[in-house]
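What follows is the residue order along each chain.
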Amino acid sequence: MKKIIAIGGSNSMKSINKVLATYAANQVNNSETIVADLNDLNLPLYGIDSENENGIPKGATRLNNLIESADGLVVSLAEHNGSYTAAFKNAYDWLSRINQKVWKNKPMLLMATSPGARGGATVLQTAKASFPYLGANIVADFSLPSFHVNFSEDGLINPDLNEDLSQKIKMLEEAL
């Protein structure tokens, strides 16, 4: 059985990106999903002075080990002012201090969603351009616009978006 790590790029307790990442990861056949919640990491704001004084936080090491143990990753990014959330960027920065190849070349389905019609398109483009430099093997990407209109507890409501996501999940399965 394959191990899929689902990461929502937000520290919101009701993160729609965590919901989407978990949903998509749970659709991967013959796999177990482990959700990595940024709230559970207890990471101080990254800074070289903090690292020199206190070392790498245990939460960052835990997340690094979790990614290392994964067969595949499903990452869904929230967008704040056109970029990563501060919580995600902070975790990402700490991870890069452990190993520059943060994503360890694991097959990744990269996603974004938002309440708005663009579905986190800007942050998704940023991540698609930059993640490969830090060891991402992005095998597919997906943007879900208007989360509250297009998603319910049963999954994607819009049949075209559902079919698109299903195809992206198949691409991840093939890469595992």
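Residues numbered from 1 in each chain as written. Predicted model: local features only at pLDDT ≥ 70, side-chain atom pairs only at ≥ 80, totals over all residues. Heavy atoms only, no water.

Caption draft 1: Main features of the side chain of Glu51. When you line up the elements, Glu51 lands in helix H2 (residues 48-54). Residue classification places Glu51 among the buried residues on the basis of a relative accessible area of 14%. Residues within four places of Glu51 in sequence aside, it is in contact with Tyr46, Ile56, Trp94 and Arg97. (Helix = DSSP H or I, 4+ residues; strand = E, 2+ residues; numbered from the N terminus. Buried < 20%, exposed > 50% of the residue type's maximum accessible area, 1.4 Å probe, protein only. Contact = heavy atoms within 4.5 Å.)

Caption draft 2: Representation of the sheet that holds strand E5 (residues 137-144). Across the sheet, which stays open at both edges, the five strands sit in the order E2-E1-E3-E4-E5 with parallel pairing between neighbours. Every other strand in the sheet has two partners, leaving strand E2 (31-36) and E5 as the edge strands with one partner each. Averaged over neighbouring strand pairs, the angle between their axes works out to 20° when direction is ignored. Where strand E4 (residues 107-113) meets E5, seven bridges bridge the pair, whose relative direction is parallel. Bridging across to E5, Thr113 finds its partner in Leu144. (Pairing = 2+ DSSP bridges. Axes fitted to C-alpha atoms, helices over the stretch in contact; angles between N-to-C directions.)

Caption draft 3: Structural context of the packing of aromatic side chains. Applying the stated rule across the entire model yields twelve aromatic pairs. Where Tyr84 meets Phe131, the ring centres are 6.1 Å apart and the plane angle is 20°; that geometry is what we call stacked. Placement of Tyr84 in the loop between strand E3 (72-77) and helix H4 (86-98) and of Phe131 in the loop between helix H5 (121-130) and E5 is noted, with a sequence separation of 47 residues between them. With centroids separated by 5.5 Å and ring planes inclined at 25°, the aromatic side chains of Phe88 and Tyr92 adopt a geometry described as stacked. Of this pair, Phe88 and Tyr92 both sit in helix H4, four residues apart, which is roughly one turn of the helix. Taking relative accessible area as the criterion, Tyr92 reaches 7% and is therefore assigned buried. One aromatic cluster in this structure is built from Tyr84, Phe88, Tyr92, Trp103 and Phe131. (Phe/Tyr/Trp six-rings, centres within 6.5 Å; stacked < 30°, edge-to-face > 60°.)

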